[in-house]
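Structural overview
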Amino acid sequence: MSLHEVPRAGTARAVAPLLRVAGLDVRFGTRRGSLHAVRDVSLKLGRGETLCLVGESGSGKTTLSMALAGLLPDNALVSGSIAFGDREIVGLREGALRAIRGRRIGIVFQDASRSLNPVLTIGYQIAEMLRRHLGMARAEATERAVELLEEVGVNDPRLRLGQYPHELSGGLKQRVMIAIAIACRPELLIADEPTTALDVTVQRQILRLLRRLCSERDLALILVTHDFGVVSAMADQVAVMYNGRIVEYADVFTLFRAPRHPYAAALLATNPRHVLEAAAGGELRPIPGSPPNPLDHIAGCAFGPRCPRRHERCAVEPPLTSDRSGHAVACWYPSDA
Amino acid sequence: MRDAAAETRPVIVSTRGLTVEFDLRHGARRKLRAVDGIDLDIHRGEVLGLVGESGCGKSTIGQTLLRLLRPTGGRISFDGRDITVLPERRLRPQRRRMQMIFQHPGPALDGRRVVAKSIAEPLEAIGLPRAEIRQRVDRMLERVGLPLAFGARYPHELSGGQLQRVAVARALVGHPDFVVADEPLASLDLSVQAQVMVLLKELQAEFGTSLLFITHDLAAAEYLSDRIAVMYLGKLVESAPAAGFSARARHPYSRALLDSVPRMDPALERARAAPVLRGEVPSPANPPSGCRFHTRCPLAEERCRQAEPPFRQIAPEQWAACWLVPGTGPGETLA
Amino acid sequence: MSVAAPTARNRPAPSDIWRRASGWLLPVAFAAFVGVGLCGNVLAPVDPAFVDLANRYIPPFVQAAHPLGTDQLGRDILSRALVGANLSLSIAALSILVASTWGIAVGMIAGYFGGAAEIVLMRLADAMLSLPTIMIALLLVAIMEPGFWSVVAAVVMVTWARYARFIRGEVVAIRSREFLSAAVVCGTPAWKILWHHVLPNVLNAVVVLLTLDIGRVILLESSLAFLGLGLPPDRGAWGSTIFEGKVYLEIAPWIVLVPSAAMTVAVLLANSFGNWLSDRLDPRLRALER
């Protein structure tokens, strides 16, 4: 990506970005060999900005987000740089990471029922966060927990404090997860498919909540999703990932209007909603084949085997190159901007 | 127009007052009514999209129509024959005419058998000669776009999309009259979802199969179905032709479902002021009085809390259960 | 599959090397144990019942003719141990085979069909399990004549219920899996579903359970023999040899020690092999190795 990126209109901020990732690589050692989950990813994120990482399973979007959160398992080999504010996260020891994670970086997972401890009350779990990171006393933490629950739109917050996770609906649990994530006023929120497990009507509530929190608190958000609807509703910037790499990076309006990478374009075209909303009432045109297994080694462009525009040159992996506006694409034959 | 034709085609599956209850706890007196008095007609060669959120009973209906669950009330008839309480032995001749495609293709296939064996199962149950089974399985593998060699593979050697193709092949190899597809896309990757959707649509048209397509995704239902039925907490709330459903849906819940889905144009999406539906689906173990949707409905009035609205015709080919949507006909109650 | 070049990180740890070695050591040892057990009668160097009063109480490793010494009647201890192995293993194999066939059938029927069949069969199994093992065995052997078949019958009686319960649990878990619904939808008859879908899917677990049970059954059989309710002493069962030999523990401890050691090794081998099998057959673990 170009280093002299022209700031987009509307979110022009002259300050240094909150998060700057450069040449990030994540590999896992497995019995079947090395799994290259994230390949040479570079990106920037400013305060209050929302970046959507979108892709299919195995695209590396979740691994990338976990790397940013410092939550990779022990068998992960990370190289490259993740600069968060003034701290470098890559290579940081667990103790130092823990001070950042939760405190300055909040995390929301897909499955709230698995992230909440079933034998502890909601109140205890929120207060625990405040006591551990901010050293609050019990009473103060409880009061703060009530405010937090109110802020994430939970009715009867005092009643909820004494309840256990299984007493709450899926949407409420996700709200509690968000309350915990923002408890210590983090600067960055990482949300991995936060609405995927929820019903559509509840999805919309949670997305609204996240948008409101981001704008009220000037919170940067990295949202991992496979759903272009979520991207359309939430993103400022979008990174489309395939086989561990960012294949297209653009602001959300540009991406939906004129995707340049054939994968991004095809993915949009296989969405029945997109087809229905297109005035022409076009036919669904599926991408042939399946996403590559991250364990398999693909020479050249990883999308090549499924690409309608494949050519000889695609035997060499195309670099991610960006134009003046910051719209980056990794393809030898991109569509016109 | 398929929609107009649908009414003239004979009915293949039909329910009247279909009710399915589960014991909340073993031996407890309180019951959970997952499906509550549903009247449904599925015509020959028709695709009915059954749409709703979790807990609305859509999957329960699918399983009950295939008699994987026993209804606790009402009747099911299949091709004019009452199969509500038919014992398994007598039901078996009918079984070969119905099939199912599951949400997760992995667990729906026996991991210890090669996929060709799984595809062959409906044909083996009919008792066809081996040679013919082989031939038909091979033809089906080819038809769903899998190389013949895949027949000798085990499920764990295939990707999710390939497995769902196998499941589709198994469901259609015996040319059933009626297939229930329970969220067949939900477990698949986006790019693969479209493949399976197109495949289902092609094969359904080719074989003239009637299909009950159960999904939470209105767009997918609109794309694949002839008619859409929307469920909420065990009740049908609206039924209308799929073509142009997003424009013609009248029930506040159908509208809310449509509004919940983000537009695929970010500028439009952000400018849109559609209200967000309050709360979540109440527990089916303890449904609200009157219209079940009244606790979340932006338009709810006093009578919605008191009395349950009838499922009545509100336009040609369209029925809804809402006090605020005026009926047209003399109270038709067919879905 | 392409494998990355070995780096310092990829070099196998010592524990890995041990694991790989033990990977084939155990089954080989177990096979040897089974081989010795099956051919015990043939392998025995001398007639185990041959009484030689001139050569009594010979300690092990003294006479080449009696490598493990002789007992109070001058019988060759090695030969007796081998014959004992044959007896123990045949009883274990036979009774486990019968008990598991019966137990699997009961468990599958109860687990798959549920309802009244399940209630009756499982209560019966519970009743079986609630009584002390040794008591049932004692009763049975007391009713029947002590001998090979009465021991087998006793072991079957006290073992089948455990299998039935275990299998029922497995089947109930499998019953909720979608491929069974798929089979029902296909119109596959129940017996065929049980045979083609359920049985193959519980078989791994059954094999592991059975192997782990060999040790248990050997101990049970020996206990019965020790109590004088198993095979007659002249047959050379480990349990009865130990019972007879305990009187001579001070002057000739090897009479007791050799069959005891044999029993310990047998039980250890059977249990370790069972664990090894369960590691092998667990599909989740297998997937990791691929």
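So, here is what we can say about the structure in this document.

The rules we used
Residues numbered from 1 in each chain as written. Chains lettered and ligands numbered in written order. Predicted model: local features only at pLDDT ≥ 70, side-chain atom pairs only at ≥ 80, totals over all residues. Helix = DSSP H or I, 4+ residues; strand = E, 2+ residues; numbered from the N terminus. Rg over C-alpha atoms; globule rule 2.2 N^0.38 Å. Buried ≥ 20, exposed ≤ 12 C-beta atoms within 10 Å, placed from the backbone. Contact = placed C-beta atoms within 7 Å. Nonpolar A, V, L, I, M, F, W, Y, C, P; charged D, E, K, R; others polar. Pairing = 2+ DSSP bridges. Axes fitted to C-alpha atoms, helices over the stretch in contact; angles between N-to-C directions. Expected span 1.5 Å × (residues − 1). Arc of directions from axis to C-beta.

**Looking at the overall build of chain B**
Helix and strand counts for chain B stand at 12 helices and 12 strands. Taking 335 residues into account, the globule formula puts the C-alpha radius of gyration at 20 Å, and chain B, at 21 Å, falls close to it. Its C-alpha atoms give chain B principal-axis dimensions of roughly 65 × 50 × 45 Å. Burial statistics for chain B: of 335 residues in total, 51% are counted as buried. Once local pairs closer than 6 in sequence are excluded, the contacts in chain B between residues at least 24 apart make up 64%.

**Regarding the interface of chain A and chain B**
Chain A puts 35 residues into the contact, and the matching count from chain B is 32 residues. When residues of the side of chain A that touches chain B are traced back to their parent elements, those giving at least two are α8 (200–217), α9 (228–234), α10 (252–257) and α12 (272–277) of chain A. The greatest single-element share of the side of chain A that touches chain B, amounting to 7 residues, is contributed by α8 of chain A. Of the residues belonging to the side of chain A that touches chain B, the class tally is 16 nonpolar, 13 polar and 6 charged.

**Section: the sheet that holds strand β11 (residues 312–315) of chain B**
All names here are of chain B. Pairing in this open sheet of 8 strands is mixed, and the strands run β6-β7-β8-β3-β9-β10-β12-β11 from one edge to the other. Where the open sheet ends on each side, the last strands, each with one partner, are β6 (98–101) and β11. Recorded for the sheet is a direction-independent mean angle of 25° between the axes of neighbouring strands. The sheet contact formed by strand β3 (residues 47–51) and strand β9 (residues 227–232) spans 4 bridges and is parallel.

**Some remarks on helix α5 (residues 138–151) of chain A**
Residues and elements named next belong to chain A. A rise of 1.5 Å per residue sets the reference length of α5, with its 14 residues, at 20 Å; its end C-alpha atoms lie 20 Å apart and thus fit the reference within 8%. When α5 is considered as a whole, its buried residues turn out to be Ala141, Ala145, Leu148 and Leu149. The buried residues of α5 all sit within an arc of 95° when viewed along its axis, so they share a single face. Away from its buried face, by an angle of more than 90 degrees, α5 presents the exposed residues Ala139 and Glu147. Considering only its buried residues, α5 is in contact with α4 (122–134), α6 (157–161) and α7 (170–182). Directly beyond the C-terminal end of α5, a positive phi value near 80° is found at Gly153.

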